[in-house]
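Secondary and tertiary structure notes
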Amino acid sequence: MEASSVSETNNEEHGRRGPFCQCLLFAAGFSEAQTTPTPVVAAISLEKSLITQHEPALLELRFENLSERGTVVSLGENDEKLELRVVDPEGHAFRKSRPEVRHGFASPDAFSVAGGKMSVGYVPLTDWFDFEKIGTYQIEVSLSPSSLEKERFSYDIRSSPTSLSLTVLPRDERALESVCADLLGRTQALHSAGAALSAARALSKVNDPVAVPFLASAMKGNEFKGLMIDALARLKTKEALDALIAASRLDDPETKTLARGALASLGEAGKK
């Protein structure tokens, strides 16, 4: 009877511990799955290898997720995981500097990649480099191979340093209008905030009067108004100033304040 009682007690104890132990094993497996880096293959290219003067140059990044787990690949808060070196047509070499403060979005360049899928994103090279000289530029690009400890997702990037060639042709007004219209449309992309931001940053760096009406249209979006007002202030053309004056008379308090601040910095405060 005692042996039977002990056996029953052990069975009851095992029954109580079984689900608990299984939970521990599941948690351990889940933790391991979370900490095991997700393998990601990166391919680097230019969206266009032939552009005209004042047209923004966009770096195209393709990330292929080789696992079934989704992940988010980040280039860092200041794109510090992206290494760039540019040699201009005269043979002068330049390295990527710290980017400007971004308006409207606190998040860095980041790309969501579903399990077993590919994600394509764009980074404006005009954040750091001026491609105003006519001729051919050589661009060297490399990515840091792994995620940072502070990132939510753990991943390993498989990529090789990439050499690219970019040719800049003389200014073409029609080509610039087409590019600006395309970028404006991309700022309104509802499926990807990251894609919209990249397009807005590229549009804001079009250093040409052709961009003014497109900048004014993009300024109507809450996310990019500061970016576009700064761009109009940099252009300083009559059309750009007129757009700022019009913005300073709008009912939206933020747009009005930003536009008036830009006009004041240009010595045009009396015209608001």
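Here the structure is a predicted model, which is why all the values come from computation and not from measurement. Numbering of residues begins from 1 in every chain and follows the order in which that chain's sequence is written. Predicted model: local features are reported for residues with pLDDT of at least 70 only, side-chain atom pairs are reported and counted for 80 or more only, and whole-chain, interface and lining totals are derived from all residues. As a rule here, side-chain values come from all non-hydrogen atoms in the structure, and water together with hydrogens is ignored.

A look at the layout of surface pockets
Picture a little ball the size of a water molecule; that probe, rolled over the atoms, points out where space is still empty. The line we're drawing: As defined here, a cavity is a set of points on a 1 Å grid over the protein atoms alone where a 1.4 Å probe fits but cannot get out. A pocket is an open set with protein on both sides within 12 Å along at least five of seven lines, and residues line them when an atom is within 4 Å of a point. Grid points are joined across faces, edges and corners, and a volume is the space filled by probe spheres set on the points. Secondary structure is summarised from DSSP: a helix means a run of H or I of at least four residues, a strand means a run of E of at least two, and numbering begins at the N terminus for each. Put simply, Ala, Val, Leu, Ile, Met, Phe, Trp, Tyr, Cys and Pro go in the nonpolar bin, Asp, Glu, Lys and Arg in the charged bin, and everything else, Gly too, in the polar bin.
Taken as a whole, the second largest pocket holds about 270 Å³ of empty space. Lining the second largest pocket we find 15 residues, and of these Thr126, Asp130, Glu132, Lys205 and Asn207 sit closest to its centre. For the lining of the second largest pocket, the leading source of residues is helix H5 (residues 225-235), giving three residues. Class assignment for the residues of the lining of the second largest pocket results in six nonpolar, four polar and five charged.

A look at the pattern of salt bridges
Threshold: The term salt bridge refers to a side-chain nitrogen of Lys or Arg lying within 4 Å of a carboxyl oxygen of Asp or Glu. Burial classification: accessible surface area is computed with a 1.4 Å probe over protein chains only, and a residue below 20% of its type maximum counts as buried, one above 50% as exposed, and the rest as partly exposed.
Throughout the structure, instances matching the rule amount to 16 salt bridges. We note a salt bridge from Glu47 to Arg186, for which the minimum N-O separation is 3.1 Å. Taken together, the positions of Glu47 in the loop between strand S1 (38-46) and strand S2 (50-52) and Arg186 in helix H2 (residues 173-187) put the pair 139 residues apart, joining distant regions of the chain. Glu90 is the salt-bridge partner of Lys133, the closest N and O atoms lying 3.2 Å from each other. Here Glu90 lies in the loop between strand S5 (82-87) and strand S6 (93-95) and Lys133 lies in the loop between strand S8 (118-124) and strand S9 (135-143), a separation of 43 residues in the sequence. On the basis of relative accessibility, which here comes to 32%, the residue Lys133 falls in the partly exposed class.

Things to note about the side chain of Thr126
The test is simple: What makes two residues a contact is simply this: any of their non-hydrogen atoms within 4.5 Å.
Checked against the element boundaries, Thr126 lands in the loop between S8 and S9. You can call Thr126 buried: its relative accessible area is 13%. Those residues in contact with Thr126, other than ones at most four positions away along the chain, are Pro56, Ala57, Phe131 and Lys205.

Quick notes on the side chain of Glu60
Here is the rule: Polar contact criterion, stated in full: a pair of N or O atoms within 3.5 Å, where within protein one must be able to donate a hydrogen and the other to accept it, and residues adjacent in sequence count only if both atoms are side-chain atoms.
Here Glu60 is to be found in strand S3 (residues 58-65). Judged by its relative accessible area of 10%, Glu60 falls in the buried class. In terms of polar contacts, Glu60 uses its side chain to reach the side chain of Tyr122, at 3.1 Å. Residues in contact with Glu60, not counting those within four places in the same chain, are Ala43, Ile44, Ser45, Leu46, Glu47, Val120, Gly121 and Tyr122.

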